[in-house]
Amino acid sequence: NRLNVDTSVTSPEGLNAAARGTVPFDDGQLSMDVALNAFPLAALNRVVRGQDLSGQVTGSARVTGRLAAPQASFDMRASGLRAAPLTSAGLGPLQLAASGRYSGNAVQLARLTADGPSGLGIEASGTIPLSGAGLGLNVAGTAPLSIANRILADRGAQISGTASANIRVTGAVANPVINGTISTANASAVDPLTNLRISDVRLAAAVNGDRLSITEG
């Protein structure tokens, strides 16, 4: 009382995926291995217009459990990720990696990393429920302040330095509670319209729910 699956999918755009395993018709155990050998994001541009997607996604997943309560482990990677909003913010291309498990209507994120140009780096881990409470996500990252220079370009202003954050997110996805710290290092700013020039600015702030408190600066 089970369906044996052994299939693969390819496309002219470069998609290459395969699935192999068994699917029970009753309350038996699932056993399915899925391999995403290549998924060029540019193939989505016909559907998601104006986003200029590019990059390659690869990964694998193993699905177990029962049809009524499936479980899965996954390991996914994206390289050379670009999209119009990222490009306009000067954030591309990005390299992403994520691994973890799904069970009990929640994603257990073992590790998620995102790396980009000019020192951009984010790492996250924790539990993400698909509904209700139980959110517990740790996020740490650094980002170049120069990301804002495109916004300031019209007035010729520039900023530099690094922003860092260590954040704990709890509560529910629909109503998250954010706590943590945000700081800057080696920050400087130049604004020719006001003849402003400052350097070595250090700021630190604590985030407690909906409150932001400056602790240094």
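Residue numbers run consecutively from 1 along every chain, following the written order of its sequence. Per-residue local features of the predicted model are confined to residues with pLDDT of at least 70, and side-chain atom pairs are confined, for both listing and counting, to 80 or more; whole-chain, interface and lining totals are unaffected and use all residues. By convention in this description, side-chain values take in all heavy atoms of the structure and omit both hydrogens and water.

Tell me about the overall build of the chain, residues and numbers included.
Strands here are runs of E lasting at least two residues and helices are runs of H or I lasting at least four, both read from the DSSP assignment and numbered beginning at the N terminus. Assigned secondary structure in the chain consists of two helices and 14 strands. C-alpha atoms define the radius of gyration, and 2.2 Å times the number of residues to the power 0.38 defines the globule rule. In terms of overall size, the chain is more extended than a compact globule, its C-alpha atoms giving a radius of gyration of 22 Å where 217 residues would be expected to give roughly 17 Å. With the C-alpha coordinates aligned to their principal axes, the bounding extent of the chain is approximately 75 × 40 × 25 Å. Burial classes follow relative accessibility: with a 1.4 Å probe on protein chains only, a residue under 20% of its type's maximum area counts as buried, one over 50% as exposed, and anything between as partly exposed. Split into buried and exposed, the 217 residues of the chain put 26% on the buried side.

Can you break down the pattern of salt bridges residue by residue, with the values?
Should a side-chain nitrogen of Lys or Arg be within 4 Å of a carboxyl oxygen of Asp or Glu, the pair is scored as a salt bridge. Tallied over the entire structure, the rule returns seven salt bridges. Among the salt bridges present, the one from Arg-62 reaches Asp-33, with a minimum N-O distance of 2.8 Å. With Arg-62 in strand S4 (residues 54–66) and Asp-33 in strand S3 (residues 31–40), the pair connects residues that are 29 residues apart, well separated along the chain. You can call Arg-62 partly exposed: its relative accessible area is 34%. When the shortest N-O distance is used, the salt bridge between Asp-200 and Arg-202 registers 3.7 Å.

Could you give an account of the pairing of strand S1 (residues 2–10), naming the residues involved and the relevant values?
Strands were regarded as paired on the criterion that DSSP finds at least two bridges between them. Two elements, S1 and strand S2 (residues 16–24), share nine bridges in a ladder whose sense is antiparallel. For Asn-4, the partnering residue across the bridge sits in S2 and is Thr-22. With antiparallel pairing between neighbouring strands as the criterion, S1 and S2 make up a hairpin whose turn holds five residues, including Gly-14 at a positive phi of roughly 115°.

Mind laying out a nonpolar patch on the surface, listing which residues take part and the relevant values?
A cluster of nonpolar side chains, contributed by Leu-44, Val-47 and Val-48, occupies part of the molecular surface with about 250 Å² of accessible area. Secondary-structure assignment places Val-48 in the loop between S3 and S4. Overall, the relative accessible area of 37% leaves Val-48 in the partly exposed class. Patch building starts from residues that exceed 30% relative accessible area and form no salt bridge, then joins like charges within 9 Å and nonpolar side chains (Val, Leu, Ile, Met, Phe, Trp, Tyr) within 5 Å. Accessible surface area values rest on a Shrake-Rupley calculation with a 1.4 Å probe, where residue burial reflects the displayed protein chains alone.

So what's going on with the environment of Thr-181? Residues and values would help.
Inspection of the secondary structure puts Thr-181 in strand S11 (residues 175–191). The spacing of Thr-181 and Ala-110 is 71 residues in sequence and 22 Å in space, taken between C-alpha atoms.

Explain the environment of Asn-186 to me, and be specific about the residues and the numbers.
Following the sequence through the fold, Asn-186 ends up in strand S11. Looking at Asn-186, the relative accessible area reads 52%, which means it is exposed. Any two residues whose heavy atoms approach within 4.5 Å are treated as being in contact. In this view, Asn-186 contacts Ser-160, Gly-161, Asp-200, Val-201 and Arg-202; residues no more than four positions away in its chain are not counted.

Which residues make up the nonpolar core, and what are the values?
In globular proteins that are soluble, nonpolar side chains generally tend to be buried together. In terms of nonpolar packing, the biggest core is built from eleven residues, these being Ala-17, Leu-36, Leu-41, Leu-53, Val-57, Ala-78, Leu-81, Ala-83, Leu-91, Leu-94 and Leu-120. Those residues in contact with Leu-81, other than ones at most four positions away along the chain, are Leu-41, Ser-54, Gly-55, Leu-86, Gly-92, Pro-93, Leu-94 and Leu-96. Throughout this description, the term nonpolar core refers to a set of buried Ala, Val, Leu, Ile, Met, Phe, Trp, Tyr and Cys residues connected via side-chain atoms within 4.5 Å. Counting five residues, the second largest nonpolar core, distinct from the first, contains Leu-109, Leu-137, Ile-167 and Val-169.

Keep in mind these values describe shape, not function.
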